[in-house]
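Coordinate analysis (summary)
One letter stands for each residue in the lines below.
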Amino acid sequence: MPPVPPAAALRAARPRAARLRGVFRGAGVLLLVGGLLGGCSGAPARDAAERDVRTAVAAWAQRPPAELAGIPLEGWAYEVGAVRRDGDRATAEARLDYRLAGYDTAPAGSVREVRLGRSGGRWRVTGEGPGPGAPQQLWDQGPVSAARGAHALVLGSGRDPAELSGIAAEADRAVAAAGAAWPRPWAGRVVVLVPGSTEGMAALLGRPVADYAGMAAVTTGSTGAAAGPADRIVVNPAGYAELSAAGRGVVLAHEATHVATRTATSARTPLWLSEGFADWAAYRAGATAPAAAAPALGRAVRRGELPAELPRNESFAFGGDPEALARAYEGAWLACRLIAQRWGDAALVGLYERAGREPLPGALEGLGVDEAELTRAWQEALRELGGDRPA
């Protein structure tokens, strides 16, 4: 599925704030505090009560959440913004940045709210969770377990450790498939999140549950960024469990390919190319016949419903008609398969790179065709798929 933007809340402007830094290395914890007290930052705290709230958050931030025990955290940082007080209760807005050791090259972020209460004249943290409009983090759903592969880190909440180990092994194979299809530099590793339910998946992504009905996995991450935290492949445990072993392999290879191609993907890249390329990478090592991989499109062609154009970006939107969505993905795969067969794998990779930098008409010049010619060749392939006969 397409890369899903991470927390919309990360777009929120950071307020001028005290900075809390807690760095975890092994069992040791180091907290660097700056700007908490007026004498440290040169700017006096608004009042003594707010200063005490910030000091309480600083003390609390020295310990990682118990739900993350055993997870390879390399960094943990809170940046506290506004503090709201109501009598003996207070809420501190904060941005949390953290890294997963060996996977994140830059901090992954999340907007959080830290809740406090005052008793006996002292402020103490009573709870913490997503900020308004921000999605959950995996540890919000319970204790997190980890399974490691050679090229994959799988984190799960409420899942059997054996299941996570199986996903790690499959993710290793997916990384190999993505690397074989995309012969360009990339991290060569993936982080996979496995929540306890489809509802948990939707909560991690900040979208309605209905958007993920029938889906097995999606990938988060910002396209085009040269330096950023590792993308997250988020598995829908319900949808994933319904797949065959081969189907699970295809899904994870598809998502791993999105991770591999992220820096070459931009807003210019047509979704038929990015989604079709990911499916092409997932299927290319197997012997799956087009009729088996594109049944919905084959049925449509046999009904006489030959698409007039390559799938539009809006055809890949979540929450729409599942049959139409299937036709879009299948058509995208067949277009990329056609390009690889006619012009070669390297030509398909080159088209992908050019399409991320320039409009599609210019990118297609490298193949010596225009979009109309490519569409006609694709339609001919669809006719062969449908047997060129009505249902």
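Below is a summary of the structure that appears in this document. From a predicted model like this one, the values you see are computed outputs, not experimental measurements.

What counts, and at which threshold
- Residues numbered from 1 in each chain as written.
- Predicted model: local features only at pLDDT ≥ 70, side-chain atom pairs only at ≥ 80, totals over all residues.
- Heavy atoms only, no water.
- Axes fitted to C-alpha atoms, helices over the stretch in contact; angles between N-to-C directions.
- Helix = DSSP H or I, 4+ residues; strand = E, 2+ residues; numbered from the N terminus.
- Parallel < 35°, antiparallel > 145°, perpendicular 65-115°, else oblique.
- Left-handed = near helix turned anticlockwise from the far one by under 90°.
- Contact = heavy atoms within 4.5 Å.
- Nonpolar A, V, L, I, M, F, W, Y, C, P; charged D, E, K, R; others polar.
- Phe/Tyr/Trp six-rings, centres within 6.5 Å; stacked < 30°, edge-to-face > 60°.
- Buried < 20%, exposed > 50% of the residue type's maximum accessible area, 1.4 Å probe, protein only.
- Pairing = 2+ DSSP bridges.
- Expected span 1.5 Å × (residues − 1).
- Salt bridge = Lys/Arg side-chain N within 4 Å of Asp/Glu carboxyl O.

Focus: the packing of helix α3 (residues 161-181) against helix α6 (residues 245-261)
Look at α3 against α6: their axes get within 8 Å of each other, and the N-to-C directions meet at 55°. Of the possible angle classes, the one that applies to α3 and α6 is oblique. Every pair of crossing elements has a handedness; the one defined by α3 and α6 is right-handed. The segment α3 lies against α6, with I167, E170, A171, A174, V175, A177 and A178 engaging A245, R248, G249, L252, A253, A256, T257 and A260. Taken together, the residues that form the contact of α3 with α6 break down as 11 nonpolar, 2 polar and 2 charged.

Looking at the packing of aromatic side chains
Overall, the coordinates contain 11 aromatic pairs when judged by the stated rule. With centroids separated by 5.5 Å and ring planes inclined at 50°, the aromatic side chains of W76 and W139 adopt a geometry described as tilted. Of this pair, W76 sits in strand β4 (residues 73-86) while W139 sits in the loop between β7 (122-130) and β8 (144-148); the two residues are 63 residues apart in sequence, bridging distant segments of the chain. By the burial criterion, W76 is buried, and W139 matches it. Three or more aromatic residues joined by ring pairs make a cluster, and in this case those are W60, W76, Y78, Y98 and W139.

Regarding the pairing of strand β12 (residues 232-235)
Of the two faces of β12, the one holding R232 and V234 and the one holding I233 and V235 are both buried throughout. Bridge count for strand β10 (residues 190-194) against β12 is 3 bridges, and the pairing is parallel. The residue of β12 that forms the bridge with L193 is V234. Pairing of strand β11 (residues 217-220) with β12 involves 3 bridges; the strand directions are antiparallel. Counterpart to A217 in the pairing with β12 is V235.

Describing the environment of P295
You can see P295 is positioned in helix α9 (residues 295-302). Using a relative accessible area of 34% as the deciding quantity, one classes P295 as partly exposed. Distance from P295 to R327, taken between C-alpha atoms, is 8.4 Å for residues 32 residues apart in sequence.

Observations concerning the packing of helix α10 (residues 322-343) against helix α11 (residues 345-355)
In the contact formed by α10 and α11, the axes pass within 6 Å of each other and the chain directions differ by 130°. Taken together, the axes of α10 and α11 are oblique relative to one another. Contact with α10, carried on its side by C336, I339, A340 and W343, involves D345, A347, L348 and L351 of α11 and no other residues of that element. Taken together, the residues of the contact of α10 with α11 sort by class into 7 nonpolar, no polar and 1 charged.

So, helix α7 (residues 271-283)
Compared with an ideal rise of 1.5 Å per residue, which puts 13 residues at 18 Å, α7 spans 18 Å between its outermost C-alpha atoms and is within 8% of the ideal. The element α7 is largely enclosed, with a buried count of 11 among its 13 residues. Where α7 is concerned, the buried positions are W272, L273, S274, E275, G276, F277, A278, D279, W280, A281 and A282.

Structural notes on the pattern of salt bridges
Tallied over the full model, the rule gives 22 salt bridges. Residue D104 pairs with R232 through a salt bridge whose shortest N-O separation is 2.8 Å. Placement of D104 in the loop between β5 (89-100) and β6 (108-119) and of R232 in strand β12 is noted, with a sequence separation of 128 residues between them. Under the relative-accessibility criterion, D104 is labelled buried at 6%.

Concerning the environment of L271
Position of L271 among the secondary structure elements: in helix α7. Taking the C-alpha atoms as reference, L271 lies 7.4 Å from F316; in sequence the two are 45 residues apart.

A closer look at the pairing of β5
When you tally the buried positions in β5, you get 9 out of 12 residues, the bulk of the element. Pairing of β4 with β5 involves 11 bridges; the strand directions are antiparallel. From the neighbouring strand, W76 faces β5, where its bridge partner is Y98. Between the antiparallel neighbours β4 and β5 lie 2 residues, among them G87 with a positive phi of about 65°. Two strands pair when backbone bridges link them, and β5 and β6 are joined in this way by 10 bridges, in the antiparallel orientation. Looking at β6, one finds that A92 is bridged to V114.

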